[in-house]
Amino acid sequence: MTAITQYKLSAADLEVVLALARSGTLADAGERLSLDASTVFRTIQKVEKGLGLRLFERSRAGYLPSELAQQLAGHGEQVEAQLEAARSVLQSQPEQVSGTVRITTTDTVLHGLVAPALKALQASHPLLGFDLHAGNELASLTRRDADIAVRATKRPPQHLVGKHVGPIRVALYAAKKGGIKRFDDTVAAQASWIAPDDALPEHPSVVWRKKHFPKVVPRYRVNSILTVAELVAQGLGIGILPVFLAQRRTDVVPLTEVLDECQTELWLLTHTESRHLRRVSAVYGYLSQNLLLE
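The text that follows walks through the structure, step by step, so that each part is easy to find.

The rules behind these values
Residues numbered from 1 in each chain as written. Predicted model: local features only at pLDDT ≥ 70, side-chain atom pairs only at ≥ 80, totals over all residues. Heavy atoms only, no water. Helix = DSSP H or I, 4+ residues; strand = E, 2+ residues; numbered from the N terminus. Buried < 20%, exposed > 50% of the residue type's maximum accessible area, 1.4 Å probe, protein only. Contact = heavy atoms within 4.5 Å. Areas by Shrake-Rupley, 256 points an atom, 1.4 Å probe, with all protein chains shown as cover. Pairing = 2+ DSSP bridges. Axes fitted to C-alpha atoms, helices over the stretch in contact; angles between N-to-C directions. Right-handed = clockwise from strand over helix to strand, strands pointing away. 1 Å grid on protein atoms, 1.4 Å probe; cavity = no way out; pocket = protein on both sides within 12 Å on 5 of 7 lines; lining within 4 Å. Points joined across faces, edges and corners; volume = space filled by probe spheres on them. Nonpolar A, V, L, I, M, F, W, Y, C, P; charged D, E, K, R; others polar. Salt bridge = Lys/Arg side-chain N within 4 Å of Asp/Glu carboxyl O.

It is worth spelling out the overall build of the chain at this point. A tally of regular secondary structure across the chain gives eleven helices and twelve strands. Each of the three principal axes of the chain carries a C-alpha extent, and together these read 80 × 50 × 30 Å. Counting all 294 residues of the chain, 47% fall into the buried class. A separation threshold of at least 6 residues defines the contact pool for the chain, and within that pool the share at least 24 residues apart is 75%. Only carbon and sulfur atoms are counted for the fraction: they give 52% of the accessible area of the chain, which is about 15,700 Å².

Pairing between the strands of a sheet is mediated by backbone hydrogen bonds and can be parallel or antiparallel. Strand order across the open sheet formed by three strands is S10-S7-S11, with antiparallel pairing between neighbours. Strands with a single pairing partner mark the edges of an open sheet, and in this sheet they are strand S10 (239–242) and strand S11 (252–254). Strand-to-strand, the axes of this sheet are offset by a mean angle of 50 degrees, without reference to chain direction. Inspection of the sheet shows strand S7 (residues 170–175) paired to S10 by four bridges, in the antiparallel sense. Looking at S10, one finds that leucine 172 is bridged to isoleucine 240.

This part is about the sheet that holds strand S6 (residues 160–168). Spatially, the five strands line up as an open sheet ordered S4-S3-S5-S12-S6, and their pairing is mixed. Looking along the sheet, the strands with just one partner apiece sit at the ends: strand S4 (128–134) and S6. Geometrically, the sheet is characterised by an average inter-axis angle of 20 degrees between neighbouring strands, direction not taken into account. Across two bridges, the pairing between strand S3 (residues 99–105) and strand S5 (residues 148–152) is parallel. Among the inter-strand pairings, isoleucine 103 is bridged to a residue of S5, identified as isoleucine 148. Helix-sheet contacts for helix H6 (residues 107–124) involve S3, S4, S5 and strand S12 (264–271), and the interaxial angle to S4 is about 175 degrees.

Glancing now at the pairing of S3. Most of S3 sits out of view: five of its seven residues are buried. With seven bridges connecting them, S3 and S4 associate as parallel partners. The residue bridging glycine 99 from the neighbouring strand is leucine 128, located in S4. The parallel pair S3 and S4, bridged by H6, forms a crossover whose chirality is right-handed.

Relative to the assigned elements, valine 206 resides in helix H8 (residues 204–212). On a C-alpha basis, the gap between valine 206 and alanine 61 in space is 32 Å, while along the polypeptide they are 145 residues apart. Residue contacts for valine 206: discarding those within four places in its chain leaves Pro196, Asp197, Leu200 and Pro201.

Any empty space left between the atoms is revealed when a probe the size of a water molecule rolls over them. Per the stated rule, a full pass over the model turns up two cavities of 30 Å³ or more. One number sums up the size of the largest cavity: a volume of about 60 Å³. Along its surface, the largest cavity is lined by Trp193, Ile194, Ala195, Pro196, Ser205, Val206, Arg209, Val228 and Ile240. Among the elements that line the lining of the largest cavity, the one with the most residues is H8, at three residues. The class makeup of the residues in the lining of the largest cavity is seven nonpolar, one polar and one charged. Approximately 30 Å³ is the volume found for the second largest cavity. Considering the residues around the second largest cavity, the lining is formed by Pro167, Ile168, Arg169, Val243, Phe244, Leu293 and Glu294. Only S6 and helix H10 (243–246) provide two or more residues apiece to the lining of the second largest cavity. When the residues that make up the lining of the second largest cavity are grouped by side-chain class, the tally is five nonpolar, no polar and two charged.

In total, this model carries eleven salt bridges according to the counting rule given. Of the charged contacts, one joins aspartate 251 and arginine 249 as a salt bridge, the two residues approaching to 3.0 Å between their closest N and O atoms. One salt-bridge network, held together by shared partners, links Arg22, Glu77 and Glu80.

This is the structure:
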């Protein structure tokens, strides 16, 4: 009998392999599991010795899972999902939903759309908690780094379950008290532009400006559209903003009509294995009805 068939793999082993595969470092895996890094290390050593196989390659980039580790992590995700489903069944009141839902989005969508919706949801489900990740990178729903993603994209990943929320329309804006009331080629050449060129080089607003005003060099390069809005409002220059964000403000005014070339789509996404969890289903269903673009 080989070592791989002799070793009795436990649910706790799968939990540690899953955490390390998701995070890539002992410290982060330990934080996920409320364990110290040395305990995670010893557990992985024990499993590898028991199986007689290397599950992770150690490198400067962290712990890289082998193909077998990825397969074990997949089984760990199934165990995790079943445990969460069992916990839902044990809730004291059937109509109440509890637990933590992890949502990933951009800061613009978080502040302009998701946060206003969550305020009302909190009143309906007081036992729910939320981990909110705002960034330009998309946290992995497959690795369960997040339960729900709210993203601007024209082509959502095929392996995710999604709902098309609606079109994200944009226009060029200036500060209400900034003195700029119209937009033409002269204004385009003389005004200070605020744009996310380095952080989002493929953003539709960046592509549009470079196409129509190739000689314009932004005076302010920022790392998010929300920062564009804040600097525009302070009168530092002009910038392209989503209409859903700008129309909620009283300190910016549009200089153009909606720029059709810049339009993209807003999607609400989750993983097929996550959507059946009560806490995820409750939040996903609520957001699908209450994310209001216009």
